[in-house]
Amino acid sequence: MGANDTTVDPGQFLDDLRRGQYRELTMSVATLAVVVAAVGLFPGWEHVTDGVQSEVTPTLLAVLVGVAVLAGAIKGMLGFGYALVATPIFASVVDPTLAVVVLAIPPWMLNVFQIGETNTGVTFLREEWVLVALAVVGSVVGVAFLAAYETGPLVPFLIALVILGYVAFQVVGNFVTVEGAHHPLGLSTAGFLEGFLLAAANLGPLLPAYFHTFERDTERYIGGLSMVLGVIFTVRLLQMALFTDLLTAYRVWLGSAIAVVTIVGLLIGTYLRRLEVDEDRFNWFVVALLFLIALNILRNTIPALFL
């Protein structure tokens, strides 16, 4: 499916939405859900930062909003990368577990939105249901891990290791040529590990790396990846809300408010993707940024864990 197939005409969009069409309905539900939560659960201006457990100044808050927009643009352009950029930056400023939990909501919204925007997710689900099922199992295990180790330096340390692994993959990929192929066992294993890493650290570059390496149909893997991630985040949020004390009302509001801001970035990134902006340069900018963030996290966590 080409980029032209994903162009949204406002008038046609509203007509299709009134008829309950899958694409328009999915995009609207994703957006409306976070808007309603952001408004309905608003704690009042005097309590906006009460649950952050950190000194957040207006300047720092503005920077975090900018990070959310940037991460949304990366997601819209590359099909992944929102949590990969936003989570480590937020985790460097606020409690890492808080960042992992709160930042599960914007990616949920982004992926459900993008399932509709690419219009390929349902087809992918029918073809790769085993992958999705194993990803859900991995997510359940990952939430249990996060609940057990929500305090201490282990979660941010895991975040840094995942980021460095992704950076290494990007660097090595420039020197190794891999033929495009479809490996069911490898894909299923990547799906399970993706679910675990997303739930435990809000980072899951493994499955996108697999798709980028072996699946060469950009629209298919963006839509398919969005379907897998959308299912993982849905199960993860339900598990945290029903079976742990990780997802409080304040955290739902904060995550939803960040998601609303992120919509701007998603639209920018989607527009840039259709303009065929140089993805290589954009990708290397992201890789360099992530490498610096990972080093900073390790600087703070290694002494606490090993020294």
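Here is what the cut-offs are and how they apply
- Residues numbered from 1 in each chain as written.
- Predicted model: local features only at pLDDT ≥ 70, side-chain atom pairs only at ≥ 80, totals over all residues.
- Heavy atoms only, no water.
- Helix = DSSP H or I, 4+ residues; strand = E, 2+ residues; numbered from the N terminus.
- Contact = heavy atoms within 4.5 Å.
- Axes fitted to C-alpha atoms, helices over the stretch in contact; angles between N-to-C directions.
- Left-handed = near helix turned anticlockwise from the far one by under 90°.
- Nonpolar A, V, L, I, M, F, W, Y, C, P; charged D, E, K, R; others polar.
- Buried < 20%, exposed > 50% of the residue type's maximum accessible area, 1.4 Å probe, protein only.
- Lys, Arg positive; Asp, Glu negative; His and termini not counted.
- Salt bridge = Lys/Arg side-chain N within 4 Å of Asp/Glu carboxyl O.
- 1 Å grid on protein atoms, 1.4 Å probe; cavity = no way out; pocket = protein on both sides within 12 Å on 5 of 7 lines; lining within 4 Å.
- Points joined across faces, edges and corners; volume = space filled by probe spheres on them.
- pLDDT = per-residue confidence, 0-100.
- Patch = residues over 30% accessible without salt bridge, like charges linked within 9 Å, V, L, I, M, F, W, Y side chains within 5 Å.
- Areas by Shrake-Rupley, 256 points an atom, 1.4 Å probe, with all protein chains shown as cover.
- Expected span 1.5 Å × (residues − 1).
- Bend = angle between axes of the 7 residues up to and from the residue.
- Core = buried A, V, L, I, M, F, W, Y, C linked by side-chain atoms within 4.5 Å.
- Phe/Tyr/Trp six-rings, centres within 6.5 Å; stacked < 30°, edge-to-face > 60°.

Draft legend 1. Structural context of the side chain of S256. With respect to the helices and strands, the residue S256 is situated in helix α13 (residues 249-274). Setting aside chain neighbours within four positions, we find S256 in contact with V34, A37, A38 and I105.

Draft legend 2. How the structure looks around the packing of helix α4 (residues 82-93) against helix α9 (residues 154-172). Relative to each other, α4 and α9 sit at 145°, their axes nearing to 11 Å. Here α4 and α9 pass one another in a crossing that is left-handed. Side by side, α4 and α9 meet where L84, T87, P88 and A91 of the first sit next to I159, I163 and Y166 of the second. Class assignment of the residues belonging to the contact of α4 with α9 gives a composition of 6 nonpolar, 1 polar and no charged.

Draft legend 3. Here's a closer look at the side chain of R251. Of note, R251 is situated in helix α13. It is D95 that comes nearest to the buried, bridge-free R251 among opposite-charge side chains, at 4.8 Å. Excluding anything up to four places from it in sequence, R251 contacts L98, V101, V102, I105 and L246.

Draft legend 4. Representation of the layout of surface pockets. In this structure, the second largest pocket occupies an estimated 460 Å³ of space. For the second largest pocket, the lining is made up of 23 residues, of which L61, W253, L254, A257 and I258 are closest to its centre. If you tally residues by element for the lining of the second largest pocket, the top one is α13, at 6 residues. Looking at the lining of the second largest pocket residue by residue, the classes come out as 22 nonpolar, 1 polar and no charged.

Draft legend 5. View of unusual backbone geometry. If you check the backbone angles, N202 has positive phi at about 60° while not being a glycine. Position of N202 relative to the elements: it lies in the loop between α10 (184-201) and α11 (206-214).

Draft legend 6. Expanded view of the confidence of the model for the protein chain. Per-chain confidence: the protein chain averages 80 in pLDDT, with 82% of residues scoring 70 or above. Of all the helices and strands in the protein chain, helix α1 (residues 10-18) carries the lowest mean pLDDT, 68, while helix α8 (residues 129-148) carries the highest, 91. Note that pLDDT drops below 50 for residues 1-6; the model gives that stretch 15 contacts with residues more than four away or on any other chain.

Draft legend 7. Focus on a nonpolar patch on the surface. Judged by side-chain polarity, I302, L305, F306 and L307 come together as a nonpolar surface patch covering roughly 420 Å² of accessible area. Take I302: it is sitting in helix α14 (residues 279-306). Accessibility expressed as a relative area gives 33% for I302, which makes it partly exposed.

Draft legend 8. Highlighting α13. Compared with the 38 Å implied by 1.5 Å per residue over 26 residues, the 37 Å span of α13 between its first and last C-alpha is a close match. Most pronounced at V261, the bend in α13 amounts to some 30°.

Draft legend 9. Fine view of the nonpolar core. Membership of the largest hydrophobic core comes to 84 residues, with the highest contact counts inside it found for I159 and M240. Ranked by the residues each element gives to this core, the list is headed by α9, at 9 residues. With residues near it in sequence (within four places) discarded, I159 still touches T87, P88, A91, V100, A201, L203 and I297.

Draft legend 10. Layout of the environment of V155. Note that V155 resides in helix α9. Its relative accessible area of 0% is what places V155 among the buried residues.

Draft legend 11. Inspection of α9 at higher detail. Taking 1.5 Å per residue, 19 residues should reach 27 Å; α9 reaches 27 Å between its end C-alpha atoms and fits that length. Within the sequence span of α9, burial applies to V155, P156, F157, L158, I159, A160, V162, I163, Y166, V167 and Q170.

Draft legend 12. A look at the packing of aromatic side chains. A full pass over the atoms with the stated rule returns 6 aromatic pairs. Here F145 and Y149 contribute two aromatic rings whose centre-to-centre distance is 4.9 Å and whose plane-to-plane angle is 40°, an arrangement assigned as tilted. For Y149, a relative accessible area of 41% corresponds to the partly exposed category. Taking the centre distance of 5.6 Å and the plane angle of 70° together, the rings of F157 and F306 count as edge-to-face. Of this pair, F157 sits in helix α9 while F306 sits in helix α14, placing them 149 residues apart in sequence. Residue class for F157 comes out buried when judged on its relative accessible area of 15%. On the accessibility criterion, F306 (55% relative accessible area) is exposed. Put simply, the rings of F42, W45, Y250 and W253 touch in pairs and so form one group of aromatic residues.

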